[in-house]
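Residue-level listing of the chains:
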Amino acid sequence: MTGTKVKLYRKRMIPEEIIHLKDDIILHIDANIIITKWDSLKPRKDFSNGISAYFLEEGFKVSKIFDKHQKLVYWYCDIIEYEYKESEQIYIFTDLLADVVVYPDNSLRVLDLDEIGDALESRLITQEKACKALRLCNQLLEHIYAGEFKKYQNLINHYETL
């Protein structure tokens, strides 16, 4: 599978949208990992670009986020699920709302768990997907607490230098 033919889409529930990530550059793709380099979709003051690794089997995306001076702002982890449409070579990544931010000093923050509750109440997410999001978030946190986050960082750092 070549990276030039593959199309990536981001699907969000809050706000409800599907965006073609047409400007993302695919640096690596295989059956388990997709690594992309990108600029923010809209101008932002807090960051301007990054490198992301989609860990398909693990259910999360880890992004190294940079400011406009290419200084690390933080590592941002989205809990995701994906659908692959082989005939069209399309990946659709659905944001399952829960996020984890790892700062340069290795402190962390869990975000948007309240959005899972809001999405359940509004019937934007099924109970099954909400449970999946919470379990995947917990697994990611367990990796971080066990000191295993470095392997994700090292992989992304490798592609940053290419």
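Because the structure is a prediction, the values reported are computed rather than measured.

> Mind laying out the overall build of the chain, listing which residues take part and the relevant values?
Scanning the chain from N- to C-terminus turns up 3 helices and 9 strands. In the chain, the succession of α and β elements from N to C terminus is β-β-β-β-β-β-β-β-β-α-α-α. Here the C-alpha atoms of the chain give a radius of gyration of 15 Å, agreeing with the 15 Å that 2.2 N^0.38 yields for 162 residues. Principal-axis analysis of the C-alpha atoms gives the chain an extent of 45 × 45 × 30 Å. Residue pairs at least 24 apart in sequence account for 41% of intrachain contacts in the chain once pairs closer than 6 positions are excluded.

> Which residues make up the packing of aromatic side chains, and what values do they have?
Centre-to-centre distance and the angle between the planes together describe a pair of aromatic rings. Under the defined criterion, the tally for this structure stands at 13 aromatic pairs. On the basis of an interplanar angle of 85 degrees and a centroid distance of 5.3 Å, the ring pair of Phe-60 and Tyr-152 is categorised as edge-to-face. Highlighted residues: Phe-60 in strand β6 (residues 60-66) and Tyr-152 in helix α3 (residues 149-160), separated in sequence by 92 residues. The pair Phe-60 / Tyr-152 is uniform in exposure class, with both members buried.

> Tell me about the pattern of salt bridges, and name the residues and values.
Going through the model one piece at a time under the given rule, you end up with 7 salt bridges. Its salt-bridge partner being Glu-17, residue Arg-12 comes within 3.3 Å of it at the nearest N-O pair. Judged by its relative accessible area of 24%, Arg-12 falls in the partly exposed class. The exposure class assigned to Glu-17 is partly exposed, which follows from its relative accessible area of 25%. With its nearest N and O atoms 2.6 Å apart, the salt bridge here joins Glu-160 to Lys-64. Of the two residues, Glu-160 sits in helix α3 while Lys-64 sits in strand β6, which places them 96 residues apart along the sequence. Judged by its relative accessible area of 9%, Lys-64 is buried.

The rules behind the values
Residues numbered from 1 in each chain as written. Predicted model: local features only at pLDDT ≥ 70, side-chain atom pairs only at ≥ 80, totals over all residues. Heavy atoms only, no water. Helix = DSSP H or I, 4+ residues; strand = E, 2+ residues; numbered from the N terminus. Rg over C-alpha atoms; globule rule 2.2 N^0.38 Å. Contact = heavy atoms within 4.5 Å. Phe/Tyr/Trp six-rings, centres within 6.5 Å; stacked < 30°, edge-to-face > 60°. Buried < 20%, exposed > 50% of the residue type's maximum accessible area, 1.4 Å probe, protein only. Salt bridge = Lys/Arg side-chain N within 4 Å of Asp/Glu carboxyl O.

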